[in-house]
Amino acid sequence: MGSVTLAHHSTAAYDTKTITVKNAIVKRLVWANPHCVLWFEVKDARGKVATWGAEAGSPSALTRVGWHRTSLKPGDAISVEIFPARNGATVARLGRIVLADGRELLDSLYKDSPFDTIQRK
Amino acid sequence: MFVCVACGGGGSGSAPPEVPRRDISGVWAGPPLPTLEEPAPFTPAGQARYEANRATWGPKAVGLADSNDPLITCDPLGFPRSVLYETRGFEFVHTPAKTIELLQYQRAWREIWTDGRPLPSDVGGTSPTSLDPRWYGYSVGRWADDYTFVVETTGTDERGWVDYLGRPHSAAAHFEERYRRVDTDTLEVTVTVTDPETYTRPYVAMKQMFVRADNQELEEQLCVPSEAIEYFRTIAAPAGERK
């Protein structure tokens, strides 16, 4: 389980516990201020497709923790850990992404993110 | 070769660099959300305005969709919130008559006059000569000693919040910032709020350490209205809907 600590905007609308979505497919990475948004799709057991939007840090914050605007491409297969909205909407705060090749991308707020350390350098 | 005449000691180790005198120039880095110091001693009027500000942080935090935080629509941080929130990066530039503070967030700046002029009085008053309140107010600065730069500010637009908890201030508020260069790489920042309309006594809003940034370059950290509107429509509003 991850935890949310610091953000430009608070994360009060989101659960403090994560869920992990496997076999998700990247639709789009919106590289924008104040928040980047990862859009992805996932099929449930009956084949029904759900579209999720997961907000993350700003481009400058994500850049500090190793992201690039081209880090994710439409069609990439990912496993993604998110803090889902409390109200059941398919929106979330991003936690952690694992790509098919094993690469890992953390949101700038995620518990293991080096953001808070890096920004001081 | 560097010679430190005041370092004492005498071992063979390298001497620590001398702390620059009357100089806080350069880029300083800190946390997005600095630690606030003490509970604010509200007057009844201050408490009422605080209750009306629906912050997304703190004990009465609401979701973004229910908040009236001016930042949601990319309004200016304003002062003193610029020193109490989004303090990931700021820079001072000294010139003969004023010190300029460059704020990383929204690429804004403040002018801190050091030419001896007084702070304006009667900002927002009814006299034809009274000045308008401004988001970043009016500031003057002086050196309290060789390592402490003191900034006084007044005339701040009361639409701006003091901090991320939604504490308010009046246009008549007076703020003091003390920038103490503890050593070459460390800056201690203390902010004191004096606003009798809103607080029963002066209180210390923040005492926070900042470090000199290695690369000495501010990032571009913007709230872009068109992107914020899209973010709000697609993420924050659905997350805040009551179902």
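Not measured: the values here are computed from a predicted model.

Trainee: Can you lay out the overall build of chain A for me, pointing to particular residues and giving the numbers?
Mentor: Per the secondary structure count, chain A includes 2 helices and 6 strands. Mapped in sequence order, the helices and strands of chain A form the string β-β-β-α-β-β-β-α. Counting all 121 residues of chain A, 46% fall into the buried class. Taking all contacts inside chain A whose residues are at least 6 apart in sequence as the whole, residues at least 24 apart take part in 57%.

Trainee: Would you mind going over the nonpolar core in detail, with residue names and values included?
Mentor: For soluble globular proteins, the rule of thumb is that nonpolar side chains tend to be buried together. Membership of the largest hydrophobic core comes to 75 residues, with the highest contact counts inside it found for Leu38, Ala54 and Ala92 of chain A together with Val191 of chain B. It is helix α3 (residues 225-240) of chain B that contributes the most residues to this core, 5 residues altogether. Residues in contact with Ala54 of chain A, not counting those within four places in the same chain, are Val37, Leu38, Val80, Ile82, Ala92, Arg93 and Leu94 of chain A.

Trainee: I'd like to hear about the sheet that holds strand β5 (residues 138-145) of chain B, residue by residue, with values.
Mentor: Hydrogen bonding along the main chain pairs the strands of a sheet, whether they run parallel or antiparallel. All names here are of chain B. Taken in spatial order, the 9 strands close into a barrel running β1-β2-β3-β4-β5-β6-β7-β8-β9, and their pairing is mixed. Pairwise comparison of adjacent strand axes, ignoring direction, gives a mean angle of 30° for this sheet. The sheet contact formed by strand β3 (residues 98-103) and strand β4 (residues 108-113) spans 6 bridges and is antiparallel. Following the sheet pairing, Leu103 is matched in β4 by Ala108.

Trainee: Run through the interface of chain A and chain B, naming residues and quoting values.
Mentor: Each partner contributes residues to the interface: chain A has 25 residues there, and chain B has 30 residues. Classifying every residue of the side of chain A that touches chain B gives 10 nonpolar, 11 polar and 4 charged.

Trainee: Please give an account of the confidence of the model for chain A that cites residues and values.
Mentor: All names here are of chain A. The predicted model of chain A averages 86 in pLDDT, with 83% of residues at 70 or higher. Here residues 1-6 is modelled with pLDDT under 50, and outside its nearest four sequence neighbours on either side it reaches 20 contacts, counting other chains as well. When the criterion is pLDDT under 50, residues 117-121 qualifies, and its contacts beyond four places in sequence or with other chains add up to 8 contacts.

Trainee: Describe the environment of Asp23 of chain B, listing the residues and the values that go with them.
Mentor: Residue and element names in this part refer to chain B. Checked against the element boundaries, Asp23 lands in the segment before β1 (26-29). With 15 C-beta atoms packed within 10 Å, Asp23 lands in the partly exposed category. In this structure the C-alpha to C-alpha distance between Asp23 and Asp146, which are 123 residues apart in sequence, comes to 8.2 Å.

Trainee: Break down the pairing of β5 of chain B for me, with residues and values.
Mentor: Residues and elements named next belong to chain B. As judged from the 2 bridges shared by β4 and β5, these two strands associate in the parallel manner. Among the inter-strand pairings, Ile112 is bridged to a residue of β5, identified as Ser139. The pairing of β5 with strand β6 (residues 148-154) spans 7 bridges and is classified as antiparallel. Residue pairing in the sheet places Arg142 in a bridge with Val150 of β6. Hairpin geometry of β5 and β6 is characterised by an intervening segment of 2 residues between the two adjacent antiparallel strands.

Trainee: Hey, could you go over the pairing of strand β8 (residues 186-194) of chain B for me, with residue numbers and the actual values?
Mentor: Residues and elements named next belong to chain B. Every second residue of β8 is oriented toward a common face, the buried set being Leu187, Val189, Val191 and Val193 and the non-buried set Thr186, Glu188, Thr190, Thr192 and Thr194. Bridge count for strand β7 (residues 174-183) against β8 is 9 bridges, and the pairing is antiparallel. Counterpart to Glu177 in the pairing with β8 is Val191. Turn length for the β7-β8 hairpin, with the two strands adjacent in sequence and antiparallel, is 2 residues. For β8 and strand β9 (residues 203-212), the ladder comprises 8 bridges, and the chain directions are antiparallel. Opposite Thr186, over in β9, you have Val211 as the bridge partner.

Trainee: So what about α3 of chain B? Which residues, and what values?
Mentor: If you check α3 of chain B, its first and last C-alpha atoms are just 20 Å apart, much less than what 16 residues at 1.5 Å a residue would give, namely 22 Å. A bend of about 45° at Phe232 of chain B is the largest found in α3 of chain B. Where α3 of chain B is concerned, the buried positions are Ala228, Tyr231, Ile235, Ala236, Ala239 and Gly240 of chain B. On its buried face, α3 of chain B sits against β2 (37-43), β3 (49-55) and β5 (91-99) of chain A.

Cut-offs and rules
- Residues numbered from 1 in each chain as written.
- Chains lettered and ligands numbered in written order.
- Predicted model: local features only at pLDDT ≥ 70, side-chain atom pairs only at ≥ 80, totals over all residues.
- Helix = DSSP H or I, 4+ residues; strand = E, 2+ residues; numbered from the N terminus.
- Buried ≥ 20, exposed ≤ 12 C-beta atoms within 10 Å, placed from the backbone.
- Contact = placed C-beta atoms within 7 Å.
- Core = buried A, V, L, I, M, F, W, Y, C linked by C-beta atoms within 7 Å.
- Pairing = 2+ DSSP bridges.
- Axes fitted to C-alpha atoms, helices over the stretch in contact; angles between N-to-C directions.
- Nonpolar A, V, L, I, M, F, W, Y, C, P; charged D, E, K, R; others polar.
- pLDDT = per-residue confidence, 0-100.
- Expected span 1.5 Å × (residues − 1).
- Bend = angle between axes of the 7 residues up to and from the residue.

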